[in-house]
Amino acid sequence: MHQTVPQQTLIDCANLTTREINQKLKALASESIPTKLLNPAGRHNLAVGITQIAISIAGPVGYYCGGLSDNINIEVFGDCGWSVGENLMSGNITIHGNASANAAASAHGGKICILGNAGSRAGISLKGATLIVTGNVGYSSAFMMQQGCMIVCGNAGANLADSIYEGTIFVGGEINSLGADAKLEPMSDADWQFLEHELAALNISAKDYNFKKVICAKQLYHFKAKDWANY
Amino acid sequence: MCGIAGIIYRKSELYKNLGIDLLQLIQPLETRGPDSCGVGIYSNSVPHNIKLLLFAAEQAAWEEVKSWLHSQARVIKFDVIGSGRRIILDTSNKTLDLAEFKQHLATQFPQIHLMSIGQLLEIYKEVGTAENLFQRYQLKGFAGSHGIGHTRMATESVVDTYHSHPFTSAPDLCLVHNGQISNYYKLRFSLEKKGIAFETDNDSEAIAHYIRYQLLQGFSLEQALQNLLNDIDGTYTFLVATPDKIALVRDKFAAKPAAIYETPEMIAIASEYRCFLNLPHYNPNAKISEPDAGEIKIWSTTNKPSPHLELV
């Protein structure tokens, strides 16, 4: 099950428990040996809580892939389930496919790229990471976002950025509706430069999209009960 | 965290796979809920007759049940199946008052539970694993046009066969649900005031009764489900099946998961994407999508619903 090829270790998930896989990954991470996971078959909790390792995953993964990780580089060649990269501290997670709900939930740092669509609540409670989705994001994305950046090339579902505190969201397509305390802000030259720079790595030109910028209106910062009706 | 799954075929050549496909689809969901497993399958149509599935948790006086049934209608079949009986009643010459029939059954044989009634629907459910259920009732070879399944993690009521899913509230109508109904008591109270009798304390049963009540008011299935989105609070993704349809409803907050797998041959719905990878004829080119918040989706079979049986 454990076959070493030059500079990359292969782990076949088929006959291992998730705990065994993650224990192997931790051992390999202590020596920073790049690893490839075969036959993930949509399994949950792969590569959770791992530091300093490059992992490539050949196939779809389930919930929480790469969650709680630090200084990692994960590439998934397939779709992923709920909460990919939840609470990521630093590093990169790239999904060559679609993501289900809660992508990059509470991620503190690093970058999570979804090269497809993401489901509802993408970037929920984002705390400093960058989330890039080249397709669409679902209902209530960036809910309670606190810091960081979310770039969506496609459309955003209803209730985008509801109760956002801080951070910036760029949407290249249509926004179904904004949530409470979110507002549109004119795009500056610096914003376009930033987007060109961020998307260049994905061979995407920001100019091909009609990017709009969403930030916090900061009205809820001073919420008073008498203003309840406004919400 | 329960698991729900459903299959509806677009080609009748595939009907023979229903049992095994449904088992493969539901099995990965056991990690979401290991308490019980159940399926509602649409198969073996008995036009102009009525099919009943009766179950008893303990010993029951089946001979007495049989002779009572004879007094109601001619009993064509009375097969032993697991801890119950699969019965076909000949109603071609005589219309049976189903409401009265159900009431009499409940009072005369309180230890017997009516699992399902209809011309197509058969409900099998039990505490334990999917493999167990499918073996006990020999469901792997079961053929049919569509079916839904459930694995349960009990949150709101006890773990026993009767509180397991699917729930039925009318002939040939059944439902599986993942989530909780937060206005359950209000909803139940309002349905009870309309004369609806609840059999369990499970909140999912209330959804089944609500849908039946809406259909009885003359609403289409789609309109009934639209009304439901406004009247039922909570987190829910559920599948409701009728003789020729499966409908999927996701709550307005998209709080509970669901994924849809679509090929020219079939549609499969499951709580988790990985279930599709388990399908015996998994097609990597299938269209896979997730329903939006507050979305209703309805798929139809090629079956024509029989006009004989009406909602009661």
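Every residue gets a number counted from 1 within its own chain, in the order that chain's sequence is written. Here every chain gets a letter starting at A, and every ligand a number starting at 1, in the order they are written. Side-chain atom pairs in this predicted model are given and counted only at pLDDT of 80 or more, local residue features only at pLDDT of at least 70, and totals for whole chains, interfaces and linings cover all residues. As a rule here, side-chain values cover all heavy atoms of the structure and leave hydrogens and water aside.

## Comments concerning the overall build of chain A
- Only DSSP runs of H or I covering at least 4 residues are called helices, and only runs of E covering at least 2 are called strands; the numbering of each starts at the N terminus. When helices and strands are counted, chain A shows two helices and twelve strands.
- Listed N to C, the secondary structure of chain A is β-β-α-β-β-β-β-β-β-β-β-β-α-β in terms of helices and strands.
- Between the two quantities, the radius of gyration covers C-alpha atoms and the globule rule is 2.2 Å times the number of residues to the power 0.38. At 18 Å, chain A has a C-alpha radius of gyration in line with the 17 Å of a compact globule built from 231 residues.
- Structurally, chain A occupies a C-alpha span of about 65 × 40 × 25 Å along its principal axes.
- Residue burial in chain A is summarised as follows: out of 231 residues, 51% are buried. Only protein chains enter the accessibility calculation, which uses a 1.4 Å probe; a residue whose area is less than 20% of its type maximum is buried, one above 50% is exposed, and one in between is partly exposed.

## Examining the packing of helix 6 (residues 203–216) of chain B against helix 7 (residues 221–231) of chain B
All names here are of chain B.
- Between N-to-C directions, angles span 0 to 180 degrees; the directions come from axes that are lines fitted to C-alpha atoms, helices contributing only their stretch in contact. It is the contact of helix 6 with helix 7, at a shortest axis distance of 9 Å, that shows an interaxial angle of 130°. Considered as vectors, helix 6 and helix 7 are oriented oblique to each other. For the pair helix 6 and helix 7, the crossing hand works out as right-handed. Together, Ile207, Tyr210, Ile211, Gln214 and Leu215 of helix 6 and Leu221, Ala224, Leu225, Asn227, Leu228 and Asp231 of helix 7 make up the contact between the two elements.
- Residues were grouped as follows: Ala, Val, Leu, Ile, Met, Phe, Trp, Tyr, Cys and Pro as nonpolar; Asp, Glu, Lys and Arg as charged; and all remaining residues, including Gly, as polar. The residue makeup of the contact of helix 6 with helix 7, split by class, is eight nonpolar, two polar and one charged. Put simply, angles under 35 degrees are roughly parallel, angles over 145 are roughly antiparallel, angles from 65 to 115 are roughly perpendicular, and the rest are oblique. Definitions for this section: a left-handed crossing has its near helix turned counterclockwise from the far helix by less than a right angle. A right-handed crossing has that turn clockwise. Contact between two residues is taken to exist if any of their heavy atoms lie within 4.5 Å; hydrogens are not considered.

## Some words on the UniProt feature "domain: Glutamate synthase alpha subunit C-terminal" (unreviewed entry) in chain A
- When the UniProt feature table is mapped onto this chain numbering, "domain: Glutamate synthase alpha subunit C-terminal" (unreviewed entry) sits at residues 42–175 of chain A.
- The straight-line gap between the two end C-alpha atoms of residues 42–175 of chain A is 31 Å; of that span, 0% is helix and 31% is strand. UniProt positions are given in the numbering used here, feature names are shortened, and annotations may be inferred rather than shown by experiment.

## Here's the deal with the environment of Leu175 of chain B
Residues and elements named next belong to chain B.
- Tracing the backbone shows Leu175 in strand 10 (residues 173–181).
- Each C-alpha atom, one on Leu175 and one on Leu139, is 19 Å from the other, the two residues being 36 residues apart in sequence.
- Setting aside residues no more than four positions away along its own chain, Leu175 makes contact with Ile148, His165, Pro166, Phe167, Ser204, Ile207, Ala208, Ile211, Phe238, Leu239 and Val240.

## Let's talk about the sheet that holds strand 2 (residues 36–42) of chain B
Residues and elements named next belong to chain B.
- If you walk across this open sheet you meet the seven strands as 7-2-8-1-14-13-15, and the pairing is antiparallel. Across the chains shown, the open sheet's two edge strands, defined by having one partner strand only, are strand 7 (121–127) and strand 15 (287–289). Neighbouring strand axes in the sheet, compared pairwise and without regard to direction, differ in orientation by 10° on average.
- Across five bridges, the pairing between strand 1 (residues 3–9) and strand 14 (residues 266–270) is antiparallel. Paired with Ile7 across the bridge in strand 14 is Ala268.
- Helix 1 (residues 18–26) contacts strand 1, strand 2, strand 8 (146–152) and strand 14 of the sheet and is inclined by roughly 150° relative to strand 1. DSSP-based pairing: two strands are paired if at least 2 bridges between them are found.

## Here we look at the interface of chain A and chain B
- Between chain A and chain B, the contact holds 13 residues from the first and 16 residues from the second.
- Here the buried area means the combined drop in accessible surface, using a 1.4 Å probe, for two parts upon being joined, counting both sides. Both faces considered, chain A and chain B share a buried interface measuring about 1000 Å² in area, 51% of it formed by carbon and sulfur atoms.
- By the criterion of area lost to chain B, the three top residues of chain A are Tyr63, Trp82 and Tyr139 of chain A, representing 40% of everything that side buries.
- The term salt bridge refers to a side-chain nitrogen of Lys or Arg lying within 4 Å of a carboxyl oxygen of Asp or Glu. Seen at the junction of chain A and chain B, the total is zero salt bridges.
- Polar contact is defined as a pair of N or O atoms within 3.5 Å, subject to the rule that within protein one atom must be able to donate a hydrogen and the other to accept it, and that residues adjacent in sequence are counted only when both atoms are side-chain atoms. For the pair chain A and chain B, the interface holds seven residue pairs in polar contact (both at pLDDT 80 or more).
- Partitioned by chemical class, the residues of the side of chain A that touches chain B number six nonpolar, five polar and two charged.

## Focus: the sheet that holds strand 16 (residues 296–300) of chain B
Residues and elements named next belong to chain B.
- Reading across the sheet, the five strands line up as 9-10-11-12-16 and stay open at both edges, with antiparallel pairing between neighbours. With one partner strand each, in any of the chains shown, strand 9 (167–170) and strand 16 form the two edges of the open sheet. In this sheet, adjacent strand axes meet at a mean angle of 20° when their direction is disregarded.
- Alignment of strand 9 against strand 10, held across three bridges, turns out to be antiparallel.

## Considerations on the pairing of strand 10 of chain B
- With respect to burial, strand 10 of chain B is a largely interior element, eight of its nine residues being buried.
- What sits between the antiparallel neighbours strand 9 of chain B and strand 10 of chain B is a turn of two residues, in which Asp172 of chain B has the positive phi angle 60°.

## Brief notes about the UniProt feature "domain: Glutamine amidotransferase type-2" (unreviewed entry) in chain B
- With numbering matched to this structure, UniProt assigns "domain: Glutamine amidotransferase type-2" (unreviewed entry) to residues 2–302 of chain B.
- Between the end C-alpha atoms of residues 2–302 of chain B the distance is 30 Å, and the span holds 26% helix and 34% strand.

## Quick notes on the packing of aromatic side chains
- Side-chain rings of Phe, Tyr and Trp, where Trp is taken by its six-membered ring, are said to pair if the distance between their centres is within 6.5 Å; with planes under 30 degrees apart they count as stacked, over 60 as edge-to-face, and otherwise as tilted. Following the criterion strictly, the structure yields 16 aromatic pairs over all chains and no others.
- Both rings, one in Tyr63 of chain A and one in Tyr64 of chain A, keep their centres 5.9 Å apart while their planes meet at 80°; by these two values the pair is edge-to-face.
- Lying across the ring of Phe167 of chain B, Lys125 of chain B places its NZ or CZ 4.7 Å from the centre. Only Lys NZ and Arg CZ are tested; either one counts as a charge over a ring when it is within 6 Å of the ring centre and within 35 degrees of the ring normal.

## Remarks on the domain arrangement of chain B
Residues and elements named next belong to chain B.
- Segmentation into domains, and thus their bounds, comes from an automatic or database assignment. Here chain B is partitioned into domain 1 (3–45 + 130–300) and domain 2 (47–118).
- With centres defined by C-alpha atoms, the gap from domain 1 to domain 2 works out at 25 Å.
- At the junction of the two partners, domain 1 supplies 13 residues and domain 2 supplies 17 residues.
- Approximately 1100 Å² of surface area, both sides summed, lies buried where domain 1 meets domain 2, with 55% of it carried by carbon and sulfur atoms.

## What to know about the side chain of Thr94 of chain A
- If you trace the backbone, Thr94 of chain A turns up in strand 6 (residues 91–95).
- If sequence neighbours within four positions are ignored, Thr94 of chain A has contacts with Ile74, Glu75, Val76, Cys113 and Leu115 of chain A.

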